[in-house]
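Residue-level structure breakdown
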Amino acid sequence: METDEVERGLPFQLQFDKPVPSQIKIAEWNPEKDLLAMVTEDSKILLHRFNWQRLWTVSPEAFSESFQGRCITSLCWRPDGKAIAVGLEDGTISLHDVENGKLLRSMKSHTEAVVCLNWEEDGQLIGDSGNILAYEDRTSRFFPPAPRVPRMPGLVSGDTSFMDDSEDSFGELSNSSHQRFNILCSGDKDGSICFSIFGIFPIGKIIALSKDLCRLIVTCSGELIEESIESRDRHIFGHGLLGLHSLALDASIFWNRKNELHQVAQQASNIEDLTEVIRASLSVMSKQWSDAMHMFHEKFDSLSSLINDHGLDSSPQEEFLSLLCGAQTSPPLHQFLVSSLGEVGLKRVSKAMSNAGKELQLIVLDHLQPAAEIIAFRMGELRGLSRWRARYKVIGLDERLINNATEKAGMFLVQVERFIMVLSSALQQFSNFFSWLLKCIKLLVSETSDQLVSFNSELVIIFLRFLYDQDPVRQLLELSEVDHNIEIEVLETMQKIKELVQLGGFSDSEYLRRTMAKEFQQMSSSFKEAFVMPFSTISEKILCEDLLPMFPFPSSPFNVPTSISYYKDISLDVSTYQMCQRRFIDYIAFKVPDESFPDILNCIGIARGFMHDLSSVKKGYTSLEAVLLSIPDGYHCVDLSLYKESQMVLLLNEITSTSESSGSAHMLVVQVADLPFVSVPRSTNFNYWKLHELKDSITYLQMENEKIRSIPHSAIAPLAVSDR
């Protein structure tokens, strides 16, 4: 008897019983490492090792002011364990680096709280199968590593360095993620379900995704109010069923087109990353140039005030031109050059403009231009794929939209080239103007000017006419409330552009009239329009196959412990690489509320074979089976979770006469595959709770017959189990 007790206790050993500073509401084990992520009631994420060493603690507001006060509502690990997805109450999903908790990416996939997350990957490495459609990213053959986001506003003069390597870990993580095709599935409290390939590229909206990526099972609570639910092969009838339901949805499009989806998602997600690099680059450049021009105008605008104070009817440009032509210096101009501006002030303004110009040129060459070039290349890759209509039209890669986005990427490249020329010309003219002014100041204060840099009088005239009170650089960088069209002085230029359309040039011949900022806005919009088509197309192909009412709610819905898992069917000898074979059996475990059935009290329900039952019914039999487990007397179930090797772990609290929450707790493991499952007949009429049919075949659990481990105090949810 003692030997049996030891054997029953082997799977469980209480390693730690540690207090935490705040109540834990969510807990998930890392699938690859001995790491436990926990969410506290005050929405902090804690990461601990198995030895309880805390690695880091983060909260949503630490990453963005927009996350201030947002509660964390769900948590999920990426299958390789290198990133963690966090769902927030405002519908945002954020991805965090496992090494330091840093925010890698955030996206607003939902409008309501994200209450569940599930991240599954294909077991096959991309390229292992020898399939000619296996994806290979060719960008590295032609381009150096993609540029990163430049440092945001707040730069010191002359500093355009990259962000720290630790702040740019998303690129490395995303590259490793793209080795296996994986999908992040998220559901909100209103019942909307979204899918994101690699967790970053939205591909559908329609929660547990099956491990073969073919089907998904959704458990949802509420009232079935539709008289007829359309499925692919039949009508499912039901009405007035308030309770917990399971839906089987056909997601085979993910398996059948995983190579095509992988290519599109890889290209599109990289394009979106590079688009953010361009957006940040334009923001940094705009701020740097704006600061420099502010200093210029702050100094030179005082000349206008001096002219007015002296009662003259002239402009600063006219005063400078008079000085350039050899006329006598007017009193306001003399006072401005000698006293207000002076040699020191002029050199300070000249240095600020020069530094800003150099910084802009570095950002363009190191960030903006490389990002634009890689985007154009990747759009060209997508353009080629879109022309293979037989394979890519079915997933929503629209040739017309991709062509338009590719053209916009090319137009933006032209805009970058023009900006480089405009910036270079402006810097040259500013430098020439400052050299002339410095010589004038030297002459006015009777100092020698033989060692000064020479200047070009014609460029001074051009500067005073076109640059003194105008800013073509800023015009190209910033979006204004009123669109400013750039005038093309030579009509022959526009005519030649229109003629190039016949030879394969851009169909939109007006792009030179737009600013670079406006072109970027149009390019970004064209990307969104092109990439939303796969999202819409895939969404339409995810259809409801089956509906299974589980148990009723007596009144309004409430939370009950549930768990869904998929175990490999060892009875099937199926190749891993066969298309969407039924290699996995679904298990749905749930606690049956005592209020649901008066004659079924303190029970756990388990159903299996639901997602394949529709095809089985067509062949004349049912594959759906279920079992009811009665919790031992004196205990009640706090939480449950399906576990590896067809096992289920129950977290039980002892019921005492004083309080239900006092006393000790137990963790109990049940071998699910050995349970006496009962076949459940099916029909198209769903106005009946099938679980009630099992009331005469309840299996009673006995503490002495199961594998258990005692906990010296009562326990509360959540229960976190690991497959490792």
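The coordinates are above.
Structure report, in brief. From a predicted model like this one, the values you see are computed outputs, not experimental measurements.

The next thing to look at is the nonpolar core. One recurring pattern in soluble globular proteins: nonpolar side chains tend to sit buried together. Counting residues in hydrophobic clusters, the biggest one holds 106 residues, and the most contacted among them are Trp289, Phe300 and Phe320. A per-element tally of this core places helix α8 (residues 331–386) first, with 19 residues. Non-local contacts of phenylalanine 320, meaning those with residues more than four positions away in its chain, are made with Phe300, Leu303, Leu333, Phe336, Leu337, Phe433, Trp436, Leu437, Leu464 and Tyr468. Membership of the second largest hydrophobic core comes to 26 residues, among which are Phe597, Ile600, Cys603 and Met611.

A few words on the packing of helix α7 (residues 316–324) against helix α10 (residues 399–444). At a minimum axis distance of 12 Å, the contact between α7 and α10 shows a crossing angle of 65°. Relative to α10, the element α7 lies roughly perpendicular. As for the relative orientation of α7 and α10, their crossing is left-handed in sense. Contacts from Phe320, Leu323 and Leu324 in α7 reach Phe433, Trp436, Leu437 and Cys440 in α10.

Attention now moves to the sheet that holds strand β1 (residues 24–29). Strand order in the open sheet made by the four strands is β1-β2-β3-β4, with antiparallel pairing throughout. Two strands in the sheet have a free side with no partner beyond their single neighbour: β1 and β4 (54–58). When the angles between neighbouring strand axes are averaged without regard to direction, this sheet yields 15°. Taken together, the five bridges between strand β2 (residues 35–40) and strand β3 (residues 45–49) define a ladder with antiparallel strand orientation. Its bridge partner lying in β3, leucine 36 is registered against histidine 48.

The subject of this paragraph is the pairing of strand β22 (residues 625–630). Burial analysis of β22 places five of its six residues in the buried class, the great majority of the element. Inspection of the sheet shows strand β21 (residues 603–608) paired to β22 by six bridges, in the antiparallel sense. Looking at the pairing, arginine 608 lines up with glutamate 625 of β22. Pairing between β22 and strand β26 (residues 678–679): two bridges, direction antiparallel. The partner of glutamate 625 across the bridge, within β26, is serine 679. Bridging between β22 and strand β27 (residues 699–700) involves two bridges; their strand directions are parallel. Bridge pairing in β27 places leucine 629 opposite threonine 699.

The rules we used
- Residues numbered from 1 in each chain as written.
- Predicted model: local features only at pLDDT ≥ 70, side-chain atom pairs only at ≥ 80, totals over all residues.
- Heavy atoms only, no water.
- Core = buried A, V, L, I, M, F, W, Y, C linked by side-chain atoms within 4.5 Å.
- Buried < 20%, exposed > 50% of the residue type's maximum accessible area, 1.4 Å probe, protein only.
- Helix = DSSP H or I, 4+ residues; strand = E, 2+ residues; numbered from the N terminus.
- Contact = heavy atoms within 4.5 Å.
- Axes fitted to C-alpha atoms, helices over the stretch in contact; angles between N-to-C directions.
- Parallel < 35°, antiparallel > 145°, perpendicular 65-115°, else oblique.
- Left-handed = near helix turned anticlockwise from the far one by under 90°.
- Pairing = 2+ DSSP bridges.

Function cannot be inferred from these measures alone, as they are strictly geometric.
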